[in-house]
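Descriptive analysis of the structure
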Amino acid sequence: MTLMKKKRALITGITGQDGSYLAEFLINKGYEVYGFMRRTSTDPFARIEHLHVSGALKLIYGNMRDLPTIERAIEESDPHEIYNLAAQSHVGVSFLCPDETWDINYMGVERLLTVAYKHNKKIRIYQASTSEMFGSTPPPQSEKTVFAPVSPYAEAKLKAHHLIEEYRAQGYFAASGILFNHESPRRGKHFVTRKLTHAFAKMKYGMQDHVTVGNLDAERDWGFAGDYVRAMWMMLQEKKADTYVIATGEAHSVRQLIETVGSVIGMPIHWEGKGLKEVGKDEHGTIRVSIDKKFYRPREVDALQGDASKAKRKLGWKPEVSFEELVEMMVQADLRLIGGTQEYVQQ
Ligand code: GDD
């Protein structure tokens, strides 16, 4: 009898939303999974606690800004596949911390690629690129669309994407996933979807009066993170590394998102006023949504809507969760969370 050796994967950014879904996905596929984690990570450990406690996920402490820790992680895990999900992932924060964003989102990738390919030229690497790279180029956006980044976050991600393509041109297996926004009940509360589902759940329970947001007119193509991590894995199973857009193809404004969250939770919202004075009221006339300039970005990406036909054609990938199902899933999870009937990581 021949014993099949388990495939080993190293995931950076393991404590993030995508890290937790991808780790579960790979463990289910029979992988030996290692997670690269900052000792000082501000992400909730609860996302991966169940995997760590059961022994299915091995954690290695380190930091994308700290070369020796990357070297140790690669030595220790000796991976067949690396998924680079580590990033300063908040676009708004990148305007406040541009150097840190550059150091993690670009320099970190450079460190990782250098160390990984020195260790083993055959490692397959997935780089988490982003639709933010399209910036001011109008939708729909595909792999052929011109990049026009408007934030330090997107600048750093674009530079990393180019580096991946350089390595690929030299024959290395370096894939880049241009993922559009992807959300879930595990999403951080500083991103607009979760901020809203969490706030509306609290309003429903009378624990909060209203929520304050920024630009209501920005449009995003919101999909389910669980669908998107499947695409990451698919990209690394191909014969050749490539770049793929991953998106639902459907865009909604922040305003429509609020309306959907409100109607799912049974608190329909209507709008009154204009500009910074615009408010969203419930059916009793109580203000539930107001605008604060501080949530606006110095430069905004107005509209993102992806064309994922290449991923459909070549990988056979398609999203399984619709926008409405995603909002419903997130609202129900937050209602259970706030109501105290469910633990954090269940969905
Ligand atoms: N976060 C936040 N908070 N965003 C708000 C708010 C608010 O109160 N009000 C309006 N917005 C708008 C933002 O200006 C933006 O246009 C949109 O809502 C979405 O913001 P985020 O949820 O913060 O996500 P993002 O689109 O900036 O970035 C996310 O998606 C990218 C892929 O397109 C992040 O996950 C990035 O890491 C990822 O690369």
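Residues numbered from 1 in each chain as written. Predicted model: local features only at pLDDT ≥ 70, side-chain atom pairs only at ≥ 80, totals over all residues. Heavy atoms only, no water.

1. Re the nonpolar core
- Among the nonpolar cores identified, the biggest contains 77 residues, and L26, Y83, F200 and I258 are the most heavily contacted of them.
- Those residues in contact with F200 that sit more than four places away from it in its chain are V211, I258, V261, G262, I265, M267, I269 and V289.
- Within the second largest apolar cluster, 27 residues are counted, among which are Y34, I60, I70 and I82. (Core = buried A, V, L, I, M, F, W, Y, C linked by side-chain atoms within 4.5 Å. Buried < 20%, exposed > 50% of the residue type's maximum accessible area, 1.4 Å probe, protein only. Contact = heavy atoms within 4.5 Å.)

2. Here we look at the environment of H52
- Within the secondary structure layout, H52 lies in helix α2 (residues 46–53).
- C-alpha separation for the pair H52 and Y34, spaced 18 residues apart in sequence, amounts to 9.9 Å. (Helix = DSSP H or I, 4+ residues; strand = E, 2+ residues; numbered from the N terminus.)

3. Thoughts on the site of the ligand
- Near the ligand there are 24 residues, and of these S89, S131, Y153, R297 and E300 occur at the shortest range.
- Contact distances for the ligand include 2.7 Å between an oxygen atom and a side-chain N or O atom of N181.
- H190 is positioned with one of its backbone polar atoms (N or O) 2.8 Å from a nitrogen atom of the ligand.
- Considering the ligand on its own, with 720 Å² of exposed area, one finds that the protein chains cover 96% of that surface.
- Of the residues contributing to the shell around the ligand, the split by class is ten nonpolar, eight polar and six charged. (Near = heavy atom within 4 Å. Polar contact = N/O pair within 3.5 Å; in protein donor to acceptor, adjacent residues only side chain to side chain. Areas by Shrake-Rupley, 256 points an atom, 1.4 Å probe, with all protein chains shown as cover. Nonpolar A, V, L, I, M, F, W, Y, C, P; charged D, E, K, R; others polar.)

4. Some words on the confidence of the model for the chain
- Summary statistics for the chain give a mean pLDDT of 96 and a share of 97% for residues scoring 70 or more.
- Taking the mean pLDDT of every element in the chain, the minimum, 90, falls on α2 and the maximum, 99, on strand β11 (residues 243–246). (pLDDT = per-residue confidence, 0-100.)

5. Digging into the side chain of E132
- Along the chain, E132 falls in the loop between β5 (124–130) and α6 (152–169).
- The exposure class of E132 is buried, given its relative accessible area of 7%.

6. Topic: the side chain of S131
- Within the fold, S131 resides in the loop between β5 and α6.
- Judged by its relative accessible area of 2%, S131 falls in the buried class.
- Residues contacting S131, with those up to four places away along its chain left out, are I178, L179, F180, N181 and L304.

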